[in-house]
Amino acid sequence: MRKLTLFIVSDSVGETADLVAKAAASQFRQGLETVLIKRFSHVEDESQLDEIVYLAKQQNAIIIYTLVKSEMCQKLKQECQMKEIQCIDLLGPIIERIGMELGEKPLEEPGLVRKLDEDYFKKIEAIEFAVKYDDGRDPRGILRADIVLVGVSRTSKTPLSQYLAHKRYKVANVPLVPEVEPPEELYMIDPAKCYGLVISPEKLNFIRRERLIALGLKDDANYARVERIEAEITHFNNVVSKIGCNVIDVTNRAVEETANVILTEITNRHS
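Residues take numbers from 1 onward in each chain, read along the sequence in its written order. Where local features are concerned, this predicted model is filtered to residues with pLDDT of at least 70; where side-chain atom pairs are given and counted, the filter is 80 or more; whole-chain, interface and lining totals use all residues. Water and hydrogen atoms were dropped before computing side-chain values, which therefore reflect all heavy atoms in the structure.

**Brief notes about the nonpolar core**
Residues enter a nonpolar core if they are buried and are Ala, Val, Leu, Ile, Met, Phe, Trp, Tyr or Cys, with the set joined through side-chain atoms within 4.5 Å. Working definition: with a 1.4 Å probe on protein chains only, accessible area under 20% of the residue-type maximum means buried, over 50% means exposed, and in between means partly exposed. Ranked by size, the top nonpolar core spans 36 residues in total, and within it Ile-147, Val-148, Val-150, Leu-164, Leu-186 and Ile-262 carry the most contacts. Residue assignment for this core shows that the elements contributing at least two residues are β5 (147-151), α8 (157-165), β6 (171-175), β7 (194-198), α10 (226-243) and α11 (255-270). Val-43, Ile-52, Val-53 and Leu-76 belong to the second largest nonpolar core, which has 16 residues in total. Labels follow the DSSP assignment, with helices taken as runs of H or I lasting at least four residues and strands as runs of E lasting at least two, numbered in each case from the N terminus.

**Side note on the packing of aromatic side chains**
Each Phe, Tyr or Trp ring (for Trp, its six-membered ring) is paired with any other whose centre lies within 6.5 Å, and the angle between the two planes then decides the class: stacked below 30 degrees, edge-to-face above 60, tilted in between. Counting across every chain of the model gives three aromatic pairs. Taken together, a centroid distance of 4.9 Å and an interplanar angle of 55° make the contact between Phe-7 and Phe-40 tilted. Here Phe-7 is found in strand β1 (residues 4-10), whereas its partner Phe-40 is found in strand β2 (residues 35-40), with 33 residues between them in sequence. For the pair Tyr-120 and Phe-121, a centre-to-centre distance of 5.3 Å together with 70° between the ring planes defines the contact as edge-to-face. Classification of Phe-121 as exposed rests on a relative accessible area of 54%. In our convention, an over-ring charge means Lys NZ or Arg CZ found within 6 Å of a ring centre and within 35 degrees of that ring's normal. The positively charged end of Arg-208 is found above the aromatic ring belonging to Tyr-223, 4.5 Å away from the centroid. Just above the ring of Tyr-187 sits the side chain of Lys-242; from NZ or CZ to the centre is 4.5 Å.

**Brief notes about the pattern of salt bridges**
Salt bridges are defined as contacts in which a side-chain nitrogen from Lys or Arg sits within 4 Å of a carboxyl oxygen from Asp or Glu. Evaluation of the coordinates by the stated rule reveals 16 salt bridges. Where Arg-140 meets Asp-138, a salt bridge forms, and the shortest distance between an N and an O atom there is 2.7 Å. Given a relative accessible area of 60%, Arg-140 falls into the exposed group. For Glu-265, the salt bridge goes to Arg-269, with nearest N and O atoms at 2.5 Å. With Glu-265 and Arg-269 both in helix α11 and four residues apart, this pair spans about one turn of that helix. Note on Arg-269: relative accessible area 34%, which makes it partly exposed. One salt-bridge network, in which partners are shared between bridges, spans Asp-50, Lys-75, Glu-79 and Lys-83.

**Here's the deal with the packing of α8 against α11**
Taken N-terminus to C-terminus, the directions of α8 and α11 make an angle of 55°; their axes are 10 Å apart at the nearest point. When the interaxial angle is binned, α8 and α11 end up oblique. The handedness of the crossing between α8 and α11 is right-handed. Contact with α8, carried on its side by Pro-159, Leu-160, Tyr-163 and Leu-164, involves Val-255, Glu-256, Thr-258, Ala-259, Ile-262 and Leu-263 of α11 and no other residues of that element. Where helices are involved, their axes are fitted lines through C-alpha atoms of the stretch in contact, as for all axes, and angles between N-to-C directions lie from 0 to 180°. Here the angle decides the label: under 35 degrees means roughly parallel, over 145 means roughly antiparallel, 65 to 115 means roughly perpendicular, and every other value means oblique. Should the near helix be turned anticlockwise from the far one by less than a right angle, the crossing is termed left-handed; should it be turned clockwise, right-handed. Throughout, a contact is declared for two residues whenever any of their heavy atoms are within 4.5 Å.

**Some details on the packing of helix α3 (residues 46-59) against helix α4 (residues 70-83)**
Put simply, α3 and α4 touch, their axes get as near as 10 Å, and they point 30° apart. Relative to α4, the element α3 lies roughly parallel. Seen from above, α3 lies across α4 with right-handed handedness. Across from Glu-46, Leu-49, Asp-50, Val-53 and Lys-57 in α3, the residues of α4 making contact are Met-72, Lys-75, Leu-76, Glu-79 and Lys-83.

**Considering the pairing of β1**
Side-chain positions along a regular strand alternate between the two faces of the sheet. Where burial is concerned, most of β1 is hidden: six out of the seven residues are buried. We treat two strands as partners when DSSP finds at least two bridges between them. Here β1 pairs with β2 via six bridges, running parallel. Paired with Val-9 across the bridge in β2 is Phe-40. With five bridges connecting them, β1 and strand β3 (residues 62-66) associate as parallel partners. From the neighbouring strand, Leu-6 faces β3, where its bridge partner is Ile-62.

**Some points on the side chain of Thr-251**
If you trace the backbone, Thr-251 turns up in the loop between β8 (246-249) and α11. We classify Thr-251 as buried; its relative accessible area is 14%. A polar contact is formed between the side chain of Thr-251 and the backbone nitrogen of Ser-200, at a distance of 2.9 Å. Here the side chain of Thr-251 touches Asp-249 through a polar contact of 2.5 Å, side chain to side chain. Here Thr-251 is in contact with Val-198, Ile-199, Ser-200 and Lys-203, once residues within four sequence places are set aside. Contacts described as polar in this section are N or O atom pairs within 3.5 Å, which, within protein, must combine one atom able to donate a hydrogen with one able to accept it, while residues neighboring in sequence count only if both atoms come from side chains.

So, in structure tokens, the structure goes:
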């Protein structure tokens, strides 16, 4: 039984070519048993290519490569032609065609797909975090969060948490109610990462009344009364004063505007 050796050559990790090679080999009954795949990752200079081509010649291997730098691609092609080694360029023709269609030159920067993947998964992780630690469900999230939001009901804590999560920040939010003692974790965190959201009593009264109507309830419930709202805001002020955190007035701010205030403050703090 003939044994076949495939060399995977990449200027990044080489996962793409590795998966393609395995997918192709799996189409043959004994493919994965008779095909030996060797991966050469992070190939960044021509001397490495010389060594790989030499080994490929010795082992009668086929080279499958995903190199984004045109000079490296050309070098490998030339060396393979000179040594009569079979080689397959997985990315080159696709990159060339896309460049022609877009009228744009490729960046030729290795590892961009992996960077995009890492960024994507970081965003998903942040979104899942915001859902898990929404509305004070688990105070343990307060200590793990990048940003902690506190405020009375209907101050846009949840949508703001989700918006910031899409910016890859892990956000926990905690509702403040006079009858419930705030979780002790609030007083254990760095005040700089905590933001209190405050709103005018008149605006909150309107929002809560509309909320009750939407739920098919009477709009004169205690939840929407001005006296109750003022008591909640007094409690809010006491808590944020004890925490020592920043307070943002969201009365006339959209979620995006509030988020920009927070993101700007974070950027300035780290600059």
